[in-house]
Amino acid sequence: MTTRVDVLLGAQWGDEGKGKVVDVITPGYSVIARFQGGPNAGHTLIFDGKKHVLHTIPSGIFREGVMNLVGNGVVIDPVIFLREVDALAKAGVDVRDRLLIGRRAHLILPTHRALDAASEADQGKEKIGSTLKGIGPTYMDKTGRNGFRIGDLERADMKDRYQVLVRKHERLLGLYNEAFDWKQHEAEWLDALERLKTYRFVDSEHWLDEQLNAGKKVLAEGAQGTLLDIDFGTYPFVTSSNTISAGACTGLGVAPSRIGRVIGIFKAYCTRVGSGPFPTELLEETGEQIRQAGREFGSTTGRPRRCGWLDLPALKYAVMINGVSELAMMKADVLSGMETIRVCTHYRVNGQLTDRLPYDITGTVEPVYTTVPGWGELSVNEALPNGLEAYIRTIEAATRVPVKLVSLGPDRAETLMREAAAATL
Ligand code: IMP
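Worth saying up front: this structure is predicted, and the values here are computed from it rather than measured.

Let's talk about the pairing of strand 15 (residues 326-330)
And then number 1: For strand 15, a buried count of five out of five residues is recorded, marking the element as mostly surrounded by other parts of the structure.
And then number 2: By the alternation rule, side chains of strand 15 split into Glu 326, Ala 328 and Met 330 and Leu 327 and Met 329, which are all buried.
And then number 3: Pairing between strand 11 (residues 259-267) and strand 15: five bridges, direction parallel. Note that in strand 15 the partner of Lys 267 across the bridge is Met 330.
And then number 4: In terms of strand pairing, strand 15 meets strand 19 (residues 403-407) through three bridges, oriented parallel. The partner of Met 329 across the bridge, within strand 19, is Val 406.

Focus on the sheet that holds strand 20 (residues 415-417)
And then number 1: Strand order in the open sheet formed by 10 strands is 9-7-5-2-10-1-11-15-19-20, and the pairing between neighbours is mixed. Of all the strands in the sheet, just strand 9 (201-202) and strand 20 have a single pairing partner and so form its edges.
And then number 2: Two elements, strand 1 (residues 5-10) and strand 11, share five bridges in a ladder whose sense is parallel. Residue pairing across strands places Gly 10 opposite Ile 265, the latter belonging to strand 11.
And then number 3: Strands strand 1, strand 2 (31-34), strand 5 (67-70), strand 10 (218-221) and strand 11 of the sheet are contacted by helix 9 (residues 245-252), whose axis makes an angle of about 120° with strand 1.

Digging into the site of the ligand
And then number 1: The environment of the ligand is formed by 15 residues, the closest being Asn 40, Thr 131, Thr 239, Val 273 and Arg 303.
And then number 2: Contact between the ligand and Ile 128: an oxygen atom at 3.4 Å from a main-chain N or O atom of the residue.
And then number 3: Interatomic distance of 3.0 Å between a side-chain N/O atom of Arg 303 and an oxygen atom of the ligand.
And then number 4: With the chains in place, 96% of the 470 Å² that the ligand exposes on its own is no longer accessible.
And then number 5: In terms of residue class, the shell around the ligand is made up of six nonpolar, seven polar and two charged.

Concerning the environment of Val 365
And then number 1: If you trace the backbone, Val 365 turns up in strand 18 (residues 365-373).
And then number 2: Leave out the neighbours within four places in its chain, and Val 365 touches Pro 279, Tyr 347, Arg 348, Val 349, Pro 358 and Asp 360.

Considering the side chain of His 43
And then number 1: Secondary-structure assignment places His 43 in strand 3 (residues 43-47).
And then number 2: With a relative accessible area of 5%, His 43 lands in the buried category.
And then number 3: Of the polar contacts made by the side chain of His 43, one reaches the side chain of Glu 221; its length is 2.7 Å.
And then number 4: The contact partners of His 43, leaving out residues within four places of it in the chain, are Lys 18, Gly 19, Arg 34, His 52, Val 53, Leu 54, Ser 59, Glu 221, Gly 222 and Ala 223.

As for the packing of helix 11 (residues 312-322) against helix 12 (residues 386-399)
And then number 1: Packing of helix 11 against helix 12 brings their axes to within 10 Å, and their N-to-C directions diverge by 55°. By the angle class used here, helix 11 and helix 12 are oblique. The two elements helix 11 and helix 12 meet at a crossing, and its hand is right-handed. Taking contact as the criterion, the partners of Leu 312, Leu 315, Lys 316 and Val 319 in helix 11 are, on helix 12, Ile 395, Ala 398 and Thr 399.
And then number 2: In terms of residue class, the contact of helix 11 with helix 12 is made up of five nonpolar, one polar and one charged.

Here we look at unusual backbone geometry
Note: most peptide bonds trans; most residues except glycine with negative phi.
And then number 1: For the bond running from Tyr 235 to Pro 236, omega is 5°, close enough to zero to count as cis.
And then number 2: Its place among the elements puts Pro 236 in the loop between strand 10 and helix 9.
And then number 3: For Gln 224, which is not a glycine, the phi torsion comes out positive at approximately 55°.
And then number 4: The phi dihedral of Asn 350 is positive, around 50°, even though this residue is not glycine.
And then number 5: With respect to the element layout, Asn 350 can be found in the loop between strand 16 (340-349) and strand 17 (352-354).
And then number 6: Under the relative-accessibility criterion, Asn 350 is labelled exposed at 73%.

Quick word on the pattern of salt bridges
And then number 1: One pass over the full model with this rule turns up 29 salt bridges.
And then number 2: Ionic pairing is found between Arg 104 and Glu 205, a salt bridge with its closest N-O pair at 3.0 Å. Pair noted here: Arg 104 is in the loop between strand 7 (99-102) and strand 8 (106-107) and Glu 205 is in helix 8 (residues 204-213), with a separation of 101 residues, a long-range link.
And then number 3: The salt bridge involving Arg 155 is made with Asp 152; its shortest N-O contact spans 3.1 Å.
And then number 4: Residue Asp 152 is classed as buried on the basis of its relative accessible area of 4%.
And then number 5: The network of salt bridges with common partners includes Asp 15, Lys 267, Glu 296, Arg 305 and Lys 331.

What counts and how
- Residues numbered from 1 in each chain as written.
- Predicted model: local features only at pLDDT ≥ 70, side-chain atom pairs only at ≥ 80, totals over all residues.
- Heavy atoms only, no water.
- Buried < 20%, exposed > 50% of the residue type's maximum accessible area, 1.4 Å probe, protein only.
- Helix = DSSP H or I, 4+ residues; strand = E, 2+ residues; numbered from the N terminus.
- Pairing = 2+ DSSP bridges.
- Contact = heavy atoms within 4.5 Å.
- Axes fitted to C-alpha atoms, helices over the stretch in contact; angles between N-to-C directions.
- Near = heavy atom within 4 Å.
- Polar contact = N/O pair within 3.5 Å; in protein donor to acceptor, adjacent residues only side chain to side chain.
- Areas by Shrake-Rupley, 256 points an atom, 1.4 Å probe, with all protein chains shown as cover.
- Nonpolar A, V, L, I, M, F, W, Y, C, P; charged D, E, K, R; others polar.
- Parallel < 35°, antiparallel > 145°, perpendicular 65-115°, else oblique.
- Left-handed = near helix turned anticlockwise from the far one by under 90°.
- Salt bridge = Lys/Arg side-chain N within 4 Å of Asp/Glu carboxyl O.

That's the geometry; what it means functionally is another story.
Structure representation (structure tokens):
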């Protein structure tokens, strides 16, 4: 009996808490597969009082008997990958047994990182606020048909291919005013490459096909979020991959007809890191209050995240683009204790009220809010308070999708599975 691939992805601007949800639901799957992005991601998992942050390795790695796949759509920095491997070894996890890497995945070179930095420095105030992990330049080489892939590591002329690409990058770096000393990172990168070569590489599209045909359950784990998607996000302030559910097809080699559930993860409020439009952003005290209560600082870069109220037009857009079949709401506890909470239900654009996300949301969009009562402290051992239940029903009524999981804290254990009230859908 052949099975389908479920997809789990971010429905906002990233940092929704995808790592935690993957970790919680992994016992229901045999395979967890990352399909896009790279070490710009930071998936945080907390259990047994310990915090773990993953950048490249799928969040199923802590569960025994589960295979983790880094798919062809992912870009890999060997140095960062091996740092993760070493941290996991310290935590008692032998990655080698539980991890496969797709041969078609592309490698991030030290010169890609230098090009990322050079491009951002050159943009000045217009910069994207990239994580500077080399993501953009690596995907540019992929679509430019110059990329260096995992499968190339098995070729005899690997070193020559690397040199050709580096020479091209050196010419490009010469176009920028500022010089970036990438050479100091080369030796470490080449050493990491040698270690990386000892891991298991597969033709992951065939391997996944076999798993599905054998009835194995597969979960595709997204990185970043829908509004950072290269096509449908707030371009140009986006990442360089397809973060949406369609990205799971191209990033793993899975046909659209084989996609099953699509789980959209969102926070009870919104955050964004880096530059770009953010209609519901709170620039005053409440934003700071959320930042502190939610510890909203980047897990990859440590940058403070911008915070704001929940944006329903944006969430509805994410539901539409991804075909979200169920939602998971994170960080409800962060808003605990607030007397009232605001939710953006519509935008006013050129004097007109709309609940659609327009082409351009830079400064031209005025959020229209409704105010709802807040809620008190939350506990997994008690029913959700009325205020939070009403808040969730407002979201379900707007999106017409059930909220099936509610996260009440960062720990694996602080998670509640919820039966949606059919009447609201
Ligand atoms: P890049 O993907 O590093 O080039 O960054 C492009 C934009 O996406 C920047 O605004 C980053 O802050 C943002 N971004 C990239 N990865 C993540 C993520 O995992 N979470 C949140 N924002 C991200």
